[in-house]
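# Topology and contacts: notes
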Amino acid sequence: MEINYIQAVRDIFAKREAPPLCCVHSYGCQQNVSDGEKLKGQLCLMGCGVTDDMTAADIIILNTCAVRENAELKVYGNIGELKRLKEQKPDMLIAVGGCMGQEPKTAEKIKKSYRHVDIVFGTFAAKELPRLIYEALTKKEFIVDTAERNTECFEDIPAVRSEKYKAGVSIMYGCNNFCSYCIVPYVRGRERSRSPEKIIEEIKRLVSDGCKEIMLLGQNVNSYGRGLEEKIDFPELLRRIDNIDGDFRVRFMSPHPKDATREFFDVIAESKKICKSVHLPLQSGSDRILKEMNRRYTAEQYMDMVEYARKVMPGLSISTDIIVGFPNETYEDFSRTLDIVKAVKYDNIFSFIYSKRTGTKAAEIIDHTSEEDKGERFRELLAVQREISEEHYKRFLGAEFDVLFDGTYKEEFISGKSGEFIITLVKGSPELIGTMRKVRVTKTHNWAVEGELI
Ligand code: SAM
Ligand code: SF4
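Below is a short write-up of the structure.

Glancing now at the overall build of the protein chain. The helix and strand tally for the protein chain stands at 14 helices and 19 strands. Along the longest, intermediate and shortest principal axes, the C-alpha atoms of the protein chain span 65 × 55 × 50 Å. Put simply, the protein chain has 454 residues, and 53% of those count as buried. Residue pairs at least 24 apart in sequence account for 74% of intrachain contacts in the protein chain once pairs closer than 6 positions are excluded. For the protein chain, the accessible surface area stands at approximately 20,900 Å², while carbon and sulfur atoms represent 49% of it. Between the mean site of the 68 positive side-chain charges and the mean site of the 72 negative ones, the protein chain shows a separation of 1 Å.

Structure (structure tokens):
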């Protein structure tokens, strides 16, 4: 007979004096944060309460990121720190999940050096959490699940969302692109899209619950629809979402330049609800490096795209990801990246020094570029972008932004994001958090703008 693991764990917890508290800590990208919300949702079904305080928790899940080495080092540092907690509370469960958990080498290392961890599980095993917890509670042995389940779309798992006013909605999972530096296709598997009905249904539910901003999530959102029975692509999905009734706005993260068609930009331009802001990851401006990265576009094609996007949306805000120091990148290659950064005038760049990921194609290249040179280029890029933002943000002086407030900055400011994804600060009360308000920009910095409520 098949065990109902949710009920079985509930029964075990019901014998305790108080319901156990769980703490799920997600590292890395928005997709991971969204997965973490579904882990919390399952723990609640098993009878747990939720806390952000690890010291108060009876179950801790570290929902990890494997994209760069420093993310992994941070996770191992945090796992190490949990040893003391476990000594004080031997009955607590510690689990390591997410992208690092999917790599078999993680379970091996944890088994050998971090014996206070009870469970290691990968991204494919997210839905298996009730079984894993049940096994850890009943068998009292180290539980590992790194099996590949490539067809899962994680439907019908309830999510415990940290905010009511904004939400991430996964439209697809996995990635087929195999950019040569990237571990994601190995730890998140092949690309699979959710059905449009399920996506629309989820968005309608969120909007009727008061959600004001929906972020569509996927590793390559604009290849959405491949493999689905119904013939649908990302522009068509955007059109359908734009037609949903209600007072909300839509963003998405991340599109891939190779799939950014004119129709994709046209739909954003014509829409009422989609923010006029696009994250278009460049990675490098050198055609030689782009080829080595397996990105499948050239610098010229990228610039044509930006030109078209700005033609149909003159106020469009553009951000990007850049990797500095891909193996054997020369200063000449790096200069091509600077050329594009200067030509596009991004509103924001997320830059990373290349990090070698074992198992990827790029990890096999013998790299002759020194770490010092990479560091210097990285600092040069930041300085160039700082100057651009300083100048470029001045265009917002006097502009009126619709700002969704979501936090505080220093003591005196409430902060939020405009539709253009620009950090906007106003003086006001914390009650503004969770509300969308009109703001007139009165001052600009190179990373944010300040304004007043209208
Ligand atoms: N799928 C998205 C895309 O292609 O833009 C983003 C995925 S990845 C989690 C986010 C960013 O991390 C990438 O755009 C890239 O700039 C960076 N990244 C990925 N692998 C990296 C590596 N090995 N070293 C440094 N940065 C990396
Ligand atoms: Fe990684 Fe490239 Fe896929 Fe983005 S598109 S997740 S960078 S392989």
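A few words on the site of ligand 1. As a matter of local geometry, ligand 1 sits amid 15 residues, with Gln219, Pro281, Gln283, Asp321 and Ser355 nearest to it. In the environment of ligand 1, a nitrogen atom lies 2.6 Å from a nitrogen or oxygen atom belonging to the backbone of glutamine 219. One of the side-chain nitrogen or oxygen atoms of aspartate 321 is found 2.6 Å away from an oxygen atom of ligand 1. Coverage of ligand 1 by the protein chains reaches 91% of its 560 Å² of free accessible surface. The set of elements that each furnish at least two residues to the shell around ligand 1 consists of strand 13 (317-324) and strand 14 (348-353). Tallied by class, residues from the shell around ligand 1 come to seven nonpolar, four polar and four charged.

Our next topic: the site of ligand 2. The immediate surroundings of ligand 2 are formed by Cys175, Asn177, Phe178, Cys179, Tyr181, Cys182, Val184, Pro185, Gln219, His256 and Arg295. When its residues are assigned to classes, the shell around ligand 2 shows seven nonpolar, three polar and one charged.

Here we come to the pattern of salt bridges. In this structure the tally under the stated criterion is 37 salt bridges. We note a salt bridge from lysine 198 to aspartate 156, for which the minimum N-O separation is 3.7 Å. Linking lysine 198 in helix 8 (residues 196-208) with aspartate 156 in the loop between strand 6 (143-145) and strand 7 (166-170), this pair joins segments that are 42 residues apart in sequence. One salt bridge in this structure joins glutamate 263 and arginine 239, with 2.8 Å as the shortest N-O distance. Linking glutamate 263 in helix 10 (residues 262-270) with arginine 239 in helix 9 (residues 234-242), this pair joins segments that are 24 residues apart in sequence. On the basis of relative accessible area, arginine 239 is assigned to the partly exposed category, the value being 31%. Sharing partners across several salt bridges, the network here consists of Glu128, Arg131, Glu135, Lys139, Asp145 and Arg149.

Ile203, Leu216, Phe234, Ile241 and Phe252 are the most contacted members of the largest nonpolar core, which totals 56 residues. The greatest single-element share of this core, amounting to six residues, is contributed by helix 12 (residues 299-312). Those residues within four positions of phenylalanine 252 in sequence are excluded, and the remaining contacts are Met215, Leu216, Val221, Phe234, Leu238, Phe264, Ile268, Ile274 and Val278. Core analysis: the next-biggest nonpolar cluster, separate from the first, contains 26 residues, Leu93, Ile119, Phe121 and Ile133 among them.

Procedures and definitions
- Residues numbered from 1 in each chain as written.
- Chains lettered and ligands numbered in written order.
- Predicted model: local features only at pLDDT ≥ 70, side-chain atom pairs only at ≥ 80, totals over all residues.
- Heavy atoms only, no water.
- Helix = DSSP H or I, 4+ residues; strand = E, 2+ residues; numbered from the N terminus.
- Buried < 20%, exposed > 50% of the residue type's maximum accessible area, 1.4 Å probe, protein only.
- Contact = heavy atoms within 4.5 Å.
- Areas by Shrake-Rupley, 256 points an atom, 1.4 Å probe, with all protein chains shown as cover.
- Lys, Arg positive; Asp, Glu negative; His and termini not counted.
- Charge placed at Lys NZ, Arg CZ, Asp CG, Glu CD.
- Near = heavy atom within 4 Å.
- Polar contact = N/O pair within 3.5 Å; in protein donor to acceptor, adjacent residues only side chain to side chain.
- Nonpolar A, V, L, I, M, F, W, Y, C, P; charged D, E, K, R; others polar.
- Salt bridge = Lys/Arg side-chain N within 4 Å of Asp/Glu carboxyl O.
- Core = buried A, V, L, I, M, F, W, Y, C linked by side-chain atoms within 4.5 Å.

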